[in-house]
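Summary of the model geometry
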Number of protein chains: 2
Amino acid sequence: MKNVEPKTLKGFRDFLPKETKKRQYAIDTLKKVFESYGFEPLETPALEYEEVLLGKYGEEGDKLMYRFVDNGGRRVALRYDQTVPLSRVVAQYSPRGGAGQNELSMPFKRYQIQPVWRAENTQKGRFREFLQCDVDIVGTTSPLSDAEVIAVATNALKTLGFKDYKVLINDRNNFSYFQESMNLSQEQVMAVIRAIDKLKKIGRDGVINELKEKGFSYDQAATVIDSISNIKPTEYILEIMQNLKKMGIKEERIQFYPTLARGLDYYTDLIFEIEIEGYTAGSVCGGGRYDKLIAMFSDKDIPAVGFAFGFDRLIEAMDALKLFPDNLETTKVLVTIFSKELKEKSIEISSRLRSNNINTEIYLDENAKLEKQLKYADQKGIPYVVVIGPEEAEKNQITLKNMQTREQKTFNQEGLVKELA
Amino acid sequence: MKNVEPKTLKGFRDFLPKETKKRQYAIDTLKKVFESYGFEPLETPALEYEEVLLGKYGEEGDKLMYRFVDNGGRRVALRYDQTVPLSRVVAQYSPRGGAGQNELSMPFKRYQIQPVWRAENTQKGRFREFLQCDVDIVGTTSPLSDAEVIAVATNALKTLGFKDYKVLINDRNNFSYFQESMNLSQEQVMAVIRAIDKLKKIGRDGVINELKEKGFSYDQAATVIDSISNIKPTEYILEIMQNLKKMGIKEERIQFYPTLARGLDYYTDLIFEIEIEGYTAGSVCGGGRYDKLIAMFSDKDIPAVGFAFGFDRLIEAMDALKLFPDNLETTKVLVTIFSKELKEKSIEISSRLRSNNINTEIYLDENAKLEKQLKYADQKGIPYVVVIGPEEAEKNQITLKNMQTREQKTFNQEGLVKELA
């Protein structure tokens, strides 16, 4: 019979119910926070024309992208992130004068929670299919919008239950000012950004070594690190910080961090990352302003600012800090079936409980022993079990068993509904 | 600047916020119903080994499947439905004696709502990426489980607001009995099943013509149609119908329909479809029992029964019958910014409203004219707008504008919270 080994691809995961419920809980919580700020959901296709994605994520990105030729000979690629598809959407549906059906009103505030695919090296504990959770504001350069995305991110973390987190922020323009003042070539400043971004991870000596490999002398490298470390926040950053304070974000949560660089991609101004105390695997959130990306698809510049949560890290951190509710089981009661003859009684009470908004499962095998049915309730973490045996049936009664205390009580139908409601 | 035309692939769709909210509303409603019966969420990867999917959907399926070779030289395919991945999951994680961490307790009741991909001919108004919404019970042959999936489907439709729907049910075994009694070859009975399934669509003459093309005489074809149309429900079907009655499903909603065939795929016993009155594009739900599919991945037979909603049809039918709530806008109030000087007042009241669980958006451009801000609220369908001008600021007051009636009232902060809560 069996002709195929049941297995998943490396880097791809099945989410069984227990895990899916945890993820769903986190997603629902995040959505509520995003919507409390007026962000609206957007969904884009899993497949895009290859040319839409190619060249937007650097050489590395093009290499890790899932690309293929479809049955119609089109070069296509799987979603690699949600920022480039957002940029395409904004260019495609942004107002052209009238307020058409298919046009977006600006500022456009959207969230997007969909999987992305990257052929990562799975040995690093990375996955090839993972969920991204993005929040962006398109169409305004106001520092109020920079502050708002940070406020949304911290509020989301707070609502998930995180108590200690820190927002590191910087202005990408600092690196340009620095390049000018130090009279560095474009290549040199790129090397500096790449190296300095790792300061926390590999330390001062590590950065110096990396810069030496790129042709800097020891003294030059040390000067570079010290100069960057001593950069003061720009007016723009100070205004964002002011706004955040007004928004009720405690000052000690925000730290100006001049060595933060966030790789080499599309950011133009604000960049930020959020770290969680007690979770050392890396930042759970990163974002910034990217005012030039949308113009790659459009005849005009459209500014944008936003962030993405690393959803897997968020789940991992929540697990580590025990932030998930104890029981995410949604079924309240299992109605057992005592025998084929008494099946109808069990069906009847199940329907009645359910119509009273009590999530009710009926055991779906009228020939199973009661013991097996109780074990099923235990395995699924269902808190209550209903038993209607011959004695109960005769007296028109129902026995309710609390699966935690193993206590039993007897009710009539109405009483049972009241007890469980 | 612009170097790529922003466009989507044929058959693929962006869902802008208005549409996504409607879809989300339907999904949330469906989930609640599924969970009220104890079904739990499952998620499987978008990509599977090609061999897991190939040959499970007939020749047509293999042709429409998105298949490619990944960077590691593996032959992979995009999810084509959710029943085959479920079958793989059940074989992969089904109990092997102990009740291990990664094992499923049986009966396993799961729902799954994920996109699938098929390179369909888009001219028929079909999409190449579409959402499927599946409910299945694995591990029991009890007719109670056949009845439960039908009950879940009808209850879901009722909860979405549909009033008139009909469940057509049949037993696939009838075609085997019929094959024996009529002494037909396997090939002939396949032709009969294929043709008779279209009875409703192409009529009696259409079916006769199709059978004549397959070598049947006119008389033979007519006899075949009449014989099948006169088949009586099996004991098994009668028991399912009895169970449904006990579950509170009205008798007139269920119709034994001996010519229902549901294509030629993996169904073994019960098959059913649900039609909605006033929506003629086709059935919105189809399913049945498939007791042999999981064994393609497993050393043992594991029975299963379930259904899938055609999500796009469901949305289309809900639109046609006006079943969506009038306003799915989640933002209750837009706080405008009168001027840069008064920005802080607006930030302050926004945070206060939000912390009172009132979904509040602040307009993110302190330089925009009030008129533009009001227009934004109108476009997004936000019902209330807050204005704090110099006069209000001085008196520590807030003006609230009802965007529908255009009525204005003035409050202090506390009063405003009360009014909007």
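Residues numbered from 1 in each chain as written. Chains lettered and ligands numbered in written order. Predicted model: local features only at pLDDT ≥ 70, side-chain atom pairs only at ≥ 80, totals over all residues. Heavy atoms only, no water.

1. Things to note about the overall build of chain A
The secondary structure content of chain A amounts to 15 helices and 16 strands. A burial count over chain A gives 59% of its 421 residues as buried. Of all intrachain contacts in chain A linking residues separated by at least 6 positions in sequence, the fraction that spans at least 24 positions is 66%. For chain A, the exposed surface amounts to about 18,500 Å²; the carbon and sulfur share of it is 45%. Across chain A, the mean location of the 61 positive side-chain charges is 3 Å away from that of the 63 negative side-chain charges. (Helix = DSSP H or I, 4+ residues; strand = E, 2+ residues; numbered from the N terminus. Buried < 20%, exposed > 50% of the residue type's maximum accessible area, 1.4 Å probe, protein only. Contact = heavy atoms within 4.5 Å. Areas by Shrake-Rupley, 256 points an atom, 1.4 Å probe, with all protein chains shown as cover. Lys, Arg positive; Asp, Glu negative; His and termini not counted. Charge placed at Lys NZ, Arg CZ, Asp CG, Glu CD.)

2. A closer look at helix α6 (residues 173-182) of chain B
At 3.6 residues per turn, the α-helix brings residues three or four places apart onto the same side. All names here are of chain B. Taken as a whole, α6 has its buried residues at Asn174, Phe175, Phe178 and Gln179. Projected down its long axis, α6 carries its buried residues within an arc of 140 degrees, all on one side. Exposed side of α6, more than 90 degrees from the buried face: Glu180 and Ser181 are the residues found there. Where α6 is buried, its residues contact β7 (165-171), α7 (186-196), α9 (218-229) and β8 (254-256). (Arc of directions from axis to C-beta.)

3. Re the packing of aromatic side chains
For the structure on display, the rule yields 19 aromatic pairs over all chains. Geometrically, the ring pair formed by Tyr266(A) and Tyr290(A) is tilted, given 5.6 Å between the ring centres and 55 degrees between the ring planes. With Tyr266(A) in the loop between β8 (254-256) and β9 (270-276) and Tyr290(A) in the loop between β10 (285-289) and β11 (304-310), this residue pair connects regions lying 24 residues apart in the sequence. Its relative accessible area of 16% is what places Tyr266(A) among the buried residues. Where Phe34(B) meets Tyr111(B), the ring centres are 5.6 Å apart and the plane angle is 50 degrees; that geometry is what we call tilted. On the criterion of sequence distance, the pair formed by Phe34(B) in helix α1 (residues 17-36) and Tyr111(B) in strand β5 (residues 108-117) is long-range, its members being 77 residues apart. (Phe/Tyr/Trp six-rings, centres within 6.5 Å; stacked < 30°, edge-to-face > 60°.)

4. Remarks on the pairing of strand β16 (residues 408-411) of chain B
Bridging between strand β15 (residues 398-402) of chain B and β16(B) involves four bridges; their strand directions are antiparallel. Note that in β16(B) the partner of Leu400(B) across the bridge is Lys409(B). (Pairing = 2+ DSSP bridges.)

5. Describing empty space enclosed by the protein
One pass over the full model with this rule turns up three cavities of 30 Å³ or more. One number sums up the size of the largest cavity: a volume of about 980 Å³. Lining the largest cavity are 46 residues, and of these Ile113(A), Pro115(A), Ile113(B), Gln114(B) and Pro115(B) sit closest to its centre. Mapped by element, the contributors of at least two residues to the lining of the largest cavity are α1 (17-36), β5 (108-117) and β6 (129-138) of chain A together with α1, β5 and β6 (129-138) of chain B. A class-by-class count of the residues in the lining of the largest cavity yields 24 nonpolar, ten polar and twelve charged. Every residue lining the second largest cavity is listed: Ile347(A), Ser350(A), Ser351(A), Arg354(A), Ile362(A), Tyr37(B), Glu148(B) and Met247(B). Per-element accounting of the lining of the second largest cavity gives the leading share, four residues, to helix α12 (residues 343-355) of chain A. Grouping the constituent residues of the lining of the second largest cavity by class yields four nonpolar, two polar and two charged. (1 Å grid on protein atoms, 1.4 Å probe; cavity = no way out; pocket = protein on both sides within 12 Å on 5 of 7 lines; lining within 4 Å. Points joined across faces, edges and corners; volume = space filled by probe spheres on them. Nonpolar A, V, L, I, M, F, W, Y, C, P; charged D, E, K, R; others polar.)

6. Some details on the sheet that holds strand β12 (residues 333-335) of chain B
Think of a sheet as strands paired side by side through backbone hydrogen bonds, with each pair either parallel or antiparallel. Residue and element names in this part refer to chain B. If you walk across this open sheet you meet the five strands as β13-β12-β14-β15-β16, and the pairing is mixed. Edge strands, defined here as strands with exactly one partner in the open sheet, are β13 (360-362) and β16. Across the sheet, the mean angle separating the axes of adjacent strands is 25 degrees when strand polarity is ignored. Across three bridges, the pairing between β12 and β13 is parallel. Note that in β13 the partner of valine 333 across the bridge is threonine 360. (Axes fitted to C-alpha atoms, helices over the stretch in contact; angles between N-to-C directions.)

7. Overview of the interface of chain B and chain A
With 99 residues of chain B at the contact, the number on the chain A side is 99 residues. Buried area between chain B and chain A, both sides added, is near 9,000 Å², and the carbon and sulfur share of it is 58%. Between Lys343(B) and Glu239(A) there is a salt bridge whose closest N-O contact spans 3.5 Å. Viewed at the interface, chain A and chain B are joined by 39 residue pairs in polar contact (both at pLDDT 80 or more). If you tally residues by element for the side of chain B that touches chain A, the top one is α1(B), at seven residues. Along the lines of polarity and charge, the residues of the side of chain B that touches chain A split into 43 nonpolar, 22 polar and 34 charged. (Buried area = accessible area lost by both parts, 1.4 Å probe. Salt bridge = Lys/Arg side-chain N within 4 Å of Asp/Glu carboxyl O. Polar contact = N/O pair within 3.5 Å; in protein donor to acceptor, adjacent residues only side chain to side chain.)

8. Some details on the relation of the copies chain B and chain A
What relates the two chain copies is a rotation about an axis together with a slide along it. Of the transformation placing chain B onto chain A, the axial shift is 0.0 Å and the rotation is 180 degrees, giving an RMSD of 0.0 Å. Classification of the inter-copy transformation places it as that of a two-fold axis. Using C-alpha coordinates, one finds that chain B approaches the rotation axis most closely at Phe68(B), a distance of 3.3 Å. The residues that chain B uses at the interface reappear at the interface of chain A in 100% of cases, marking a shared surface. (Least-squares fit on C-alpha atoms with pLDDT ≥ 70 in both.)

9. Digging into the domain arrangement of chain A
In terms of domain boundaries, chain A breaks down into domain 1 (17-173 + 234-320) and domain 2 (333-420). Once you take the C-alpha centre of each, domain 1 of chain A and domain 2 of chain A turn out to be 47 Å apart. (Domains from an automatic or database assignment.)

10. Some points on the pattern of salt bridges
Close approach of charged atoms lets side chains of opposite charge pair. All chains considered together, the criterion is met by 64 salt bridges over all chains. Residue Arg289(A) is joined to Asp291(A) by a salt bridge in which the shortest nitrogen-to-oxygen separation is 3.0 Å. Each member of the pair, Arg289(A) as well as Asp291(A), carries the same accessibility label: buried. Between Glu120(B) and Arg126(B) there is a salt bridge, with the nearest N and O atoms lying 3.3 Å from each other. Glu120(B) gets classed as buried once you look at its relative accessible area, which sits at 11%. Here the salt bridges share partners, and the residues they tie into one network are Lys21(A), Glu329(A), Glu361(A), Lys380(A), Glu40(B), Lys109(B) and Glu148(B).

11. A few points about the packing of α1(A) against helix α11 (residues 311-320) of chain A
Helix-helix packing: each pair is described by the crossing angle between the helix axes and the interaxial distance. Residue and element names in this part refer to chain A. Axis separation between α1 and α11 bottoms out at 11 Å; the angle between their running directions is 105 degrees. In terms of axis orientation, α1 runs roughly perpendicular to α11. Listed contacts from α11 to Glu19, Lys22, Arg23, Tyr25, Ala26, Ile27 and Leu30 of α1 are Phe311, Asp312, Leu314, Ile315, Met318 and Asp319. (Parallel < 35°, antiparallel > 145°, perpendicular 65-115°, else oblique.)

12. Regarding the nonpolar core
The biggest cluster of nonpolar side chains holds 90 residues, and the ones touching the most others in it are Phe34(A), Phe162(A), Phe272(A), Phe307(A) and Phe309(A). Sorting elements by how many residues they give to this core places helix α5 (residues 143-160) of chain A first, with ten residues. With sequence-adjacent residues up to four places away left out, Phe309(A) is seen in contact with Leu30(A), Phe34(A), Gln132(A), Cys133(A), Ala153(A), Ala156(A), Leu157(A), Val284(A), Cys285(A) and Leu314(A). With 84 residues, the next largest nonpolar core counts Val84(A), Ile271(A), Met65(B) and Leu104(B) among its residues. (Core = buried A, V, L, I, M, F, W, Y, C linked by side-chain atoms within 4.5 Å.)

13. Considerations on the sheet that holds strand β3 (residues 67-69) of chain A
Residues and elements named next belong to chain A. On the basis of which strands lie adjacent, the open sheet formed by three strands has the order β2-β4-β3 and antiparallel pairing. Here the strands that pair on one side only, and so sit at the sheet edges, are β2 (47-49) and β3. Strand-to-strand twist across the sheet, computed as the mean angle between neighbouring axes with direction ignored, equals 35 degrees. As paired strands, β2 and strand β4 (residues 75-78) are joined by three bridges and run antiparallel to one another. Residue tyrosine 49 lies in a different strand from β4, and its bridge partner there is valine 76.

14. What to know about the side chain of Arg88(B)
By secondary structure assignment, the location of Arg88(B) is in helix α4 (residues 83-93). Engagement of the side chain of Arg88(B) in a polar contact is seen with the side chain of Asp14(A), the distance being 2.8 Å. Not counting residues within four places of it along the chain, the set of residues in contact with Arg88(B) comprises Pro6(A), Lys7(A), Thr8(A), Asp14(A), Thr44(B), Pro45(B), Glu48(B), Val52(B) and Phe297(B).

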